[in-house]
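# Close look at the chain arrangement
Chain by chain, the residues run as shown.
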Amino acid sequence: MTDSALSLRGLTKDFGPFRAVDDVTLDIRRGSITGLIGPNGAGKTTLFNMVAGSLKPSSGTVSLGDVDITGRPPETLFSLGLARTFQIPRPFRRMSVVENLMLAPPAQIGETVPGALFRRRNVARQEHALRDKAQGILDFVTLSHLADQPAGMISGGQMKLLELGRALMGDPSVILLDEPAAGVNPTLTNILIERIRELNEGGVTFVVIEHDMDFVMRHCDPVIAMAAGRVMFQGTSEEARTNPELLDAYLGTAA
Amino acid sequence: MIGLVSYLTFFLTMAGIMAIITLGLNLHWGYTGLFNGGVVAFFGAGAYGTMILGGPSQPDQFGGFELPYLVALGGGVVIAGALAWVVGLLTLRLRHDYLAISTFGIAVALEAVARNAQWLTGGARGLRGFPRPFEDQIDNNFLFGVVFLLIVLTVLGLIWLSIERLVNSPFGRALRAIREDEVAARALGKNPVRLRLWSLVIGAAIMGAGGGLYVSYTAFVSPQDLLPILTFQIWAMLIVGGAGNNRGAVLGAVLIWGVWTLSGFALTRLAPASMQIDAGSIQYILIGTLIVCMLIWRPEGLLPEKIKKSQPMTARKAASNSTRE
Ligand SMILES: Nc1ncnc2c1ncn2[C@@H]1O[C@H](COP(=O)(O)OP(=O)(O)OP(=O)(O)O)[C@@H](O)[C@H]1O
Ligand SMILES: [Mg+2]
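Computed from a predicted model, the values in this text were never measured in an experiment. (Residues numbered from 1 in each chain as written. Chains lettered and ligands numbered in written order. Predicted model: local features only at pLDDT ≥ 70, side-chain atom pairs only at ≥ 80, totals over all residues. Heavy atoms only, no water.)

## A closer look at the confidence of the model for chain A
Selection rule: On a scale of 0 to 100, pLDDT captures the predictor's confidence in every residue. Under the scheme used here, helices are H or I runs from DSSP no shorter than 4 residues and strands are E runs no shorter than 2 residues, and both carry numbers assigned from the N terminus.
Per-residue confidence for chain A gives a mean pLDDT of 91; residues scoring 70 or more make up 96%. Taken element by element, the predicted model of chain A shows its lowest mean pLDDT in helix H10 (residues 244–254) of chain A (64) and its highest in helix H3 (residues 97–103) of chain A (97).

Following this line, the structure appears as structure tokens:
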């Protein structure tokens, strides 16, 4: 087993003539909370999309631990322990919050037609267990009071928490968070950070895209910075804080 | 009096068949978000399939296998499902609108085949004669009507129970997730192509059952039964009743069939002779207006989709009772 949770080798994405991600080679340390920063349009979300399988890389490879996952469709990655959230939340709007969670676990008996029709006893038992698990996770992300609400009705910040909760239902080993604190009020952000730290202590690796520098400097280590599709900096948050190039390109405007 | 009861039996039989087809469309559109623009294709596949498998043999005509009723009906269902499977394999990987276009196209193509493949479908004249279930045991027309209504209601009941079971299971939950947001569902490990294909095939098979029942009632099928009007009617039923709610689908089927029947009556009785020729188009306009009004004022239908709660009703009632004590 390598000590990288994720290894990216020469990852590149072209949209027509435009190169959104340019030859990115990275190792995400297992058990880290890695921060990924960079100005708008730097290619951060595109990089996530390639790792999570939503976009096929133009070239380069991605491995999850020792497993080459390059070009695999996203639905196969969740059961391998790779989960992600979206920059703009994507709740299942006309489903209740608790259903949003119960949906997630892979390989449910009742998810096949024969299982749903003919194995009712087993399905009921599994549903019972899933509901307990979902309620536990809803407590964890402080959404249990909204369990029966349609997910389309909760606030944007709560949707971010919901996405984290949904991801957790699959017991992932690596979670990619795309701007988890954007548009979220400070109270919810603090809850989110606390939860991320707690999960991280339990062994979950995080990669977090975030524009909130305070968040990144306090909670992420290492920090990776991208600009114009390339990795321009990798180091500890301390090094990031004092890197003149970074200050110039990014922090200068944000801080 | 018996005339009225007899007519009511006829009405309910037809409404029941429509309700079956609407339940199939509800699985497609209401639960999965699949836009099926060719409902009549799957209805027709079931109708002709049942007729060819179960009908009497005729000179110069393929088919007429005179298979037992349930086998013929089952065969029609399988043929409708198989058609959907092929359509699904070809289109479900593509963008959503391709399904709408291709199902519509299949329906038109099927009508053309029915009109022209004389050896198989009897061409424009259609296929006539079908050994209707229990027909030779019951020589009273009225009684036969009642028995057939019971058969339709039994099939409707069985389909209702199976669909309810499906949509309330994790399978149904995954279908709804695909409908709501495919990208998010994929990120959570759900395979949209597999789920859509199942939904498409099962819904189409149910439409095929409607077609099979229809021809075994009328003992006649022709290309006239394959016109787009049926697709339009079934959509009206689902939109008015409430997509994503099976009760709504059945209610909508009965209501719209009622409106259709009554408006047909009214037009033949009241409209001046010069307008009689356009009576059909006036009915179209009426139903179309109804759809538009629903979409403006009550887009969720008469019986909207319900959001699933975290606990079954009984458990919640018990919980609220115990807190009150
Ligand atoms: N599907 C696409 N087709 C064409 N161009 C795209 C596509 N997706 C992203 N881009 C372009 O690629 C570049 C990188 O976009 P990306 O979303 O990865 O940036 P980002 O670093 O996440 O920015 P932000 O901080 O604003 O979220 C942008 O210039 C964007 O316009
Ligand atoms: Mg982004």
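## Quick look at the interface of chain A and chain B
Worth spelling out the cut-off: Only heavy atoms matter for contacts: two residues are in contact if any of them lie within 4.5 Å across the pair. Buried area is calculated as the accessible area (1.4 Å probe) missing from two parts once they are joined, with the contributions of both summed. Take a side-chain nitrogen of Lys or Arg and a carboxyl oxygen of Asp or Glu: if they are within 4 Å of each other, that pair is a salt bridge. Two N or O atoms form a polar contact when they lie within 3.5 Å of each other; inside protein one atom must be a possible hydrogen donor and the other a possible acceptor, and for residues adjacent in sequence the pair counts only when both atoms belong to side chains. Polar here means any residue outside two lists: the nonpolar Ala, Val, Leu, Ile, Met, Phe, Trp, Tyr, Cys and Pro, and the charged Asp, Glu, Lys and Arg; Gly therefore counts as polar.
Counting residues at the interface gives 37 residues for chain A and 34 residues for chain B. Interface area for chain A against chain B, summed over the two sides, is near 3200 Å², with a carbon-plus-sulfur share of 59%. Joining chain A to chain B, the criterion identifies seven salt bridges. For B:Arg186, the salt bridge is made with A:Glu75, and the minimal N-O distance between the two is 2.7 Å. Applying the counting criterion to the chain A and chain B interface returns 16 residue pairs in polar contact (both at pLDDT 80 or more). For the side of chain A that touches chain B, a count of residues per class yields 20 nonpolar, five polar and twelve charged.

## Details of the sheet that holds strand S7 (residues 174–178) of chain A
Where strands meet in a sheet, backbone hydrogen bonds hold them as pairs that are either parallel or antiparallel. Residue and element names in this part refer to chain A. Note the following rule: Only strands that DSSP links by at least two bridges are regarded as paired with each other. Axis lines are fitted through C-alpha atoms, for helices just across the contact stretch, and the angle between N-to-C directions can take any value from 0 to 180 degrees.
Taken in spatial order, the six strands of this open sheet run S6-S7-S8-S3-S9-S10, and their pairing is mixed. Looking along the sheet, the strands with just one partner apiece sit at the ends: strand S6 (82–84) and strand S10 (230–235). If you compare each strand with its neighbour and ignore which way they point, the axes differ by 15 degrees on average. With three bridges connecting them, S6 and S7 associate as parallel partners. By the bridge assignment, Leu82 is partnered in S7 with Val174. The strands touched by helix H1 (residues 44–51) are strand S3 (33–37), S6, S7, strand S8 (205–209) and strand S9 (223–227); relative to S7, the strand with the most contacts, the crossing angle is about 150 degrees. Running over the sheet, helix H7 (residues 186–201) touches S3, S7 and S8 and is turned about 150 degrees from S8.

## Some points on the coordination of the magnesium ion (ligand 2)
Working reference: metal with six octahedral donors, ideal angles 90 or 180 degrees; metal with four tetrahedral donors, ideal angle 109.5 degrees. What counts is decided by this rule: Here the term donor refers to an N, O or S atom within 2.8 Å of the metal (or 3.2 Å for Na, K and Ca), and because water is left out of the atoms, sites may appear incomplete.
Around the magnesium ion (ligand 2), the donor atoms from the protein are A:Thr45 (OG1) and A:Gln87 (OE1), and they sit 1.9 to 2.1 Å away. Of this pair, A:Thr45 sits in helix H1 while A:Gln87 sits in the loop between S6 and H3, placing them 42 residues apart in sequence.

## Things to note about the nonpolar core
What counts is decided by this rule: Each nonpolar core is a collection of buried residues, namely Ala, Val, Leu, Ile, Met, Phe, Trp, Tyr and Cys, held together in the definition by side-chain atoms within 4.5 Å. Burial classification: accessible surface area is computed with a 1.4 Å probe over protein chains only, and a residue below 20% of its type maximum counts as buried, one above 50% as exposed, and the rest as partly exposed.
A:Phe206 and B:Leu213 are the most contacted members of the largest nonpolar core, which totals 142 residues. Looking at which element gives the most residues to this core, the answer is helix H9 (residues 192–218) of chain B, with 13 residues. Not counting residues up to four positions away in its chain, the partners in contact with B:Leu213 are B:Ile17, B:Ile20, B:Tyr69, B:Leu73, B:Phe148, B:Ile151, B:Val152 and B:Val155. Grouped together as the second largest cluster of nonpolar side chains are 26 residues, A:Val62, A:Leu77, A:Val174 and A:Leu176 included.

## Details of the site of ligand 1
Residue and element names in this part refer to chain A. So the rule is basically this: Here a residue is considered near a molecule or strand provided that any single heavy atom belonging to it is located within 4 Å of it. Exposure was quantified through the Shrake-Rupley algorithm and a 1.4 Å probe, taking into account, for residues, occlusion by the shown protein chains and nothing else.
Taken together, 14 residues lie around ligand 1, and Asn40, Thr45, Thr46, Gln87 and His211 are the ones closest in. Between Gly43 and ligand 1, the recorded distance is 3.0 Å, taken from a backbone N or O atom to an oxygen atom. Lys44 is positioned such that a nitrogen or oxygen atom in its side chain is 2.8 Å from an oxygen atom of ligand 1. In the complex, the protein chains occlude 62% of the 640 Å² of accessible area that ligand 1 would expose alone.

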